[in-house]
Every structure is written in C-alpha cells, then in structure tokens.
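Observations on the three-dimensional arrangement
This is what each chain is made of:
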Amino acid sequence: MKRYALTFTLIDSKVHIVALKEGDFFLLPDSSALSEFSLEIDGTFCDVFFIDKKMENTYELMSIANMEELSSRFVFLALAKLFPYMPNSWNVDTKYLPSSLYKGMFEEITFYGGSFNPWHEGHSECLRQCPNENIVIVPDANPWKEDQSHLHSTWSLFLEIVSKFKNSTYSIYPGFWGIMKKNPTVQWLPSVACQKKNLLIGDDNFMAFDKWTNFETLMKSLHTLYVVPRQFEIVELEKKRSELESLNLDVQIILLNSHEYQSLSSTEIRKNLLKN
C-alpha cells in the first residue's frame, strides 16, 4: 500500500514542508512512520507530521513553483484540516498555516466559491463590492460543469490566487481542490463553526439557487446572501429575491451593484487562450 509523508515545520516563522525535487517538480517522499493525522485519496495514504525543528530537504511551502498533482492534493487537504472553523478540522496550531491563507477566526464569515480558472477582474470586483471583509475564497470544482479537465494544474492556480491576496484580509481555503469532485455547498457550510455564515455569488448562480442541492437546508444556515450582477437585469433579480423571500427562510438577500466587468468569463478566457 502506497503511503506518502507530509511534514510541516517552521523556519524563521515561515511554513516549510519536506519534499523531493524531480526535474521541475516537487513531490512528497514515502512515509516511514505512521501519524495520528492521515489522509487518503483513492486508496493512497499520506501521513501528516508537525515538527518544530529543521529537517533535511525542506522548502518554503509558498515558494514551491511546481508540485506533482497528487502531492499537491494532499497538501491542500492537510492545509484545510488546519482551518479551525471548518468541518472535521484537526486540533493543530494554526501557526502551520501560511499567513497568506488564514487570517483568523471571526463571528461572521462570507464564503466566495468558484473554479476561478483563471481568476479575472470580475472575481475581484465581487470581493470589492462585498460589505463584509471577512471573506474566505473557496476554490472548487463547479457542480454544473461535467468536464473538470481544465483543472489540470491546481497548484499553479492556487499560487496565482494566493499571490493576488496575500496582503489582503481574505483567507483562502484550498481543501476542495484536494477532493476534486462535485461538492455541494450544503455538505459543508451548515457545519462551519461561526455565528453568521454568508455566501457571495454571481447572479447566474442566484437565479438557479433553488436548484442547488437541499437549498432550503442551505438557506436556513445562512445569514446573508450577497448577489453580484453578471447576466441578468435588475428587474429579474428583484423578482427572484421576492420569490426566495416568500419562503420565509430568514435570509437577508442583498443585490450589489452593476459593474464594468460583468461580461468577463473564465470559460471564454480559456477558449481564447486555446485559440491563440
């Protein structure tokens, strides 16, 4: 049975991991001992260790430019386990979370999910418009898209987003890129440990919100739903808001402002890149 080892350590207050370099890529070494913290992906296991001393073959985590795909997925899953407010987290000191990812615990958190491949100015505008600054960016596979093959290099996408917001107030939760399968929001958001949970979504998702998996359960767990215009007229959005409000699910629905980046689409950007 194949087992990898993922060892986190701190050097000069920066998070490092033990890794092997093969060509242009880094990958996790084989495990030589079992840990109380372990992960599994499709029958392959990874033992996770947290050590407060310098090890051989250590590299600063956020400086690794290329990582082998399975190794990166284990890193995403392990980092996700360190977010104390997320479901099924480990009781491990958050000092092992890079400061560019985790900005602390708050009584109110707004989650902003998407595949973000690539990130564009329309995504940034959603963040700028949101009144609540305690935002957790949640990269994920889009459940409405069967073809997820465009997520071929999650590590590079991850680094791109982190570099954009490393000095911001935003946290970045990478756990669902470790899963790499459909992951309905209702499976995790109701179990998040904070008083007020919000969602920030585009109007295309809002107009189909009642088709989301167990959407009433999801709505009951929410405090506020922030909606950013993208494709629909304000009259259509207001009508949809009235429909949802009539269900008396006690969620505040706030329609944000129109903006100049509404026509931007990650899908179209990828298509244009392929053409060129």
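This text goes with the structure placed above it.
The structure displayed is predicted, hence computed values, not measured ones.

Per the secondary structure count, the chain includes 8 helices and 13 strands. In summary, the chain has a C-alpha radius of gyration of 20 Å against a globular reference of 19 Å for 276 residues, a match within 12%. Its C-alpha atoms give the chain principal-axis dimensions of about 60 × 45 × 35 Å. When contacts within the chain are restricted to residue pairs at least 6 apart in sequence, long-range pairs at least 24 apart make up 77% of them. Surface summary for the chain: the accessible area is close to 13,700 Å², and the carbon and sulfur share equals 46%. In the chain, which carries 27 positive and 35 negative side-chain charges, the distance between the mean positions of the two groups comes to 1 Å.

Take the sheet that holds strand 1 (residues 3-11) next. As summarised here, the arrangement of the 5 strands in space is 5-6-1-2-7, forming an open sheet in which the pairing is mixed. Each having just a single partner strand, strand 5 (37-41) and strand 7 (58-60) make up the two edges of the open sheet. With direction set aside, neighbouring strand axes in the sheet form an average angle of 30 degrees. The sheet contact formed by strand 2 (residues 14-18) and strand 7 spans 3 bridges and is antiparallel. Bridge assignment links Ile17 to a residue of strand 7, and that residue is Tyr59. Sheet contacts for helix 1 (residues 69-80): strand 1, strand 2, strand 5 and strand 6 (44-51); angle to strand 5, the most-contacted strand, approximately 135 degrees.

Here strand 5 shows a clear split, with Phe37, Leu39 and Ile41 buried on one side and none of Ser38 and Glu40 buried on the other. Examined bridge by bridge, strand 5 and strand 6 share 5 bridges and lie antiparallel to one another. Following the sheet pairing, Leu39 is matched in strand 6 by Cys46. Connecting strand 5 to the antiparallel partner strand 6 that follows it, the hairpin turn spans 2 residues, and Asp42 within it adopts a positive phi of roughly 50 degrees.

Spatial strand order, 10-9-8-11-12-13: 6 strands in an open sheet with parallel pairing. Among the strands making up the open sheet, the edge pair consists of strand 10 (171-172) and strand 13 (252-255). Looking at chain direction, strand 9 (residues 135-139) and strand 10 are connected through 2 bridges and run parallel. Residue Val136 lies in a different strand from strand 10, and its bridge partner there is Ser171.

About the cut-offs
- Numbering of residues begins from 1 in every chain and follows the order in which that chain's sequence is written.
- Selection of residues for local features in this predicted model requires a pLDDT of at least 70, selection of side-chain atom pairs for listing and counting requires 80 or more, and totals for whole chains, interfaces and linings are taken over all residues.
- The side-chain quantities take in all heavy atoms of the structure and omit both hydrogens and water.
- Secondary structure follows DSSP: runs of H or I at least 4 residues long count as helices, runs of E at least 2 residues long count as strands, and numbering of each begins at the N terminus.
- What the globule rule says is 2.2 Å times the number of residues to the power 0.38, and the radius of gyration is computed from C-alpha atoms.
- Contact criterion: two residues are considered in contact whenever any of their non-hydrogen atoms come within 4.5 Å of each other.
- For every accessible area listed, the method is Shrake-Rupley and the probe measures 1.4 Å; residues are considered covered only by the protein chains on display.
- The charged-residue count follows a simple rule in which Lys and Arg add positive charge and Asp and Glu add negative charge, with His and chain termini not counted at all.
- Here the site of a charge means atom NZ of a Lys, CZ of an Arg, CG of an Asp or CD of a Glu.
- DSSP bridges decide pairing: two strands pair if at least two such bridges lie between them.
- In this analysis, axes come from line fits to C-alpha atoms, helices being fitted only over the stretch in contact, and the angle between any two N-to-C directions falls in the range 0 to 180 degrees.
- In this scheme, a residue with accessible area under 20% of its type's maximum is buried, one over 50% is exposed, and one in between is partly exposed, where area comes from a 1.4 Å probe on protein chains only.

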